[in-house]
Amino acid sequence: HPQAEVALLTGNTRELVRSLEEGTIDFALVEGFFDRQRFDFETLSRERYIAVASPKEAKRCAFDRRPRTDEAGRAAASVRDLLGERLILREAGSGTREILEKHLAARDLAIDDFASAVELESIPTIKACVKEGAGITFLYRAAVQRELERRELIDITPRDFTVEHDFCLIWQRGSQYGARYRALCEAWRQLLP
């Protein structure tokens, strides 16, 4: 869309939804939960949500000290086996954190059940800390794909933590530009691997 004028803002899901409600932005790309009754939306992609650690941490994790495998040789650990680790995660209001909290709660767990937690507002900073062995994190696979391919990070997702979540383009319900936003989302979808 070469004729479009764009001002790109970043923020967590809570901030972006508030900006939409206030009318200061036209649309938002979010991964967190939003009120589907208040906003129209188009799903851009469905992404896997995984746990990762540095190669050294992956070997040291309580998860690896007590390996249990299934018939295919995959780790059969539970998310409970990771509770002894330091968790590095996004700040409150972040969709990435909200997904984790919701899926932990479904297992009667919470962030506080981990040995300790460090909150950071930047995914690149979180990845850098985890690569250096400061703890483990839960992120979307797409956010760490390059690091996984380079073996800078290792997927340690427990078998009982299979999570996928949608990334959605959202806008005010009934917007006269709804068709344009849907077309934009479809164009973006075509660019995804």
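Since we're looking at a predicted model, the values are computed, not measured.

1. Comments concerning the packing of aromatic side chains
- As enumerated under the stated definition, the model contains 11 aromatic pairs in all.
- Seen in terms of ring centroids, F34 and F41 are 5.4 Å apart; in terms of plane orientation they differ by 70 degrees. Their pairing is edge-to-face.
- Summarising the aromatic geometry, the rings of Y49 and F161 are spaced 6.5 Å apart at their centres and angled 40 degrees between planes, so their arrangement reads as tilted. Of this pair, Y49 sits in strand 2 (residues 39-53) while F161 sits in the loop between strand 6 (154-155) and strand 7 (163-172); the two residues are 112 residues apart in sequence, bridging distant segments of the chain.
- With a relative accessible area of 0%, F161 lands in the buried category.

2. With respect to helix 5 (residues 123-131)
- Listing the buried residues of helix 5 in full gives I126, K127 and V130. In an axial view of helix 5, the angular spread of the buried residues amounts to 95 degrees, which keeps them on one side of the axis.
- At its buried positions, helix 5 is contacted by strand 2, strand 3 (86-90), strand 4 (116-120), strand 5 (137-140) and helix 6 (141-149).
- Just beyond helix 5, the residue with positive phi is G133, at close to 85 degrees.

3. Brief notes about helix 6
- Of all the positions in helix 6, only V144, E147 and L148 are classed as buried. End-on, the buried residues of helix 6 take up no more than an arc of 100 degrees, which puts them together on one face. Counted as exposed and oriented over 90 degrees from the buried face of helix 6: A142, R146 and E149.
- Against the buried residues of helix 6 lie strand 2, helix 5, strand 5 and strand 6.

4. Section: the nonpolar core
- In terms of nonpolar packing, the biggest core is built from 22 residues, with Y49, L87, L100, F114, I136, F138 and I156 touching the most fellow members.
- Elements represented by at least two residues in this core include exactly strand 2, strand 3, helix 4 (95-105) and strand 5.

5. Digging into the pattern of salt bridges
- In the structure shown here, the tally under the stated rule is 13 salt bridges.
- In this structure, D40 engages R173 in a salt bridge whose closest nitrogen and oxygen atoms are separated by 2.9 Å. Linking D40 in strand 2 with R173 in the loop between strand 7 and helix 7 (178-191), this pair joins segments that are 133 residues apart in sequence.
- With a closest N to O distance of 2.6 Å, D166 and R46 form a salt bridge. In this pair, D166 sits in strand 7 while R46 sits in strand 2, placing the two residues 120 residues apart along the sequence.
- What makes D166 buried here is its relative accessible area of 17%.
- Linked through salt bridges whose partners overlap, the residues forming this network are E42, R182, E186 and R189.

The rules behind the values
Residues numbered from 1 in each chain as written. Predicted model: local features only at pLDDT ≥ 70, side-chain atom pairs only at ≥ 80, totals over all residues. Heavy atoms only, no water. Phe/Tyr/Trp six-rings, centres within 6.5 Å; stacked < 30°, edge-to-face > 60°. Helix = DSSP H or I, 4+ residues; strand = E, 2+ residues; numbered from the N terminus. Buried < 20%, exposed > 50% of the residue type's maximum accessible area, 1.4 Å probe, protein only. Arc of directions from axis to C-beta. Contact = heavy atoms within 4.5 Å. Core = buried A, V, L, I, M, F, W, Y, C linked by side-chain atoms within 4.5 Å. Salt bridge = Lys/Arg side-chain N within 4 Å of Asp/Glu carboxyl O.

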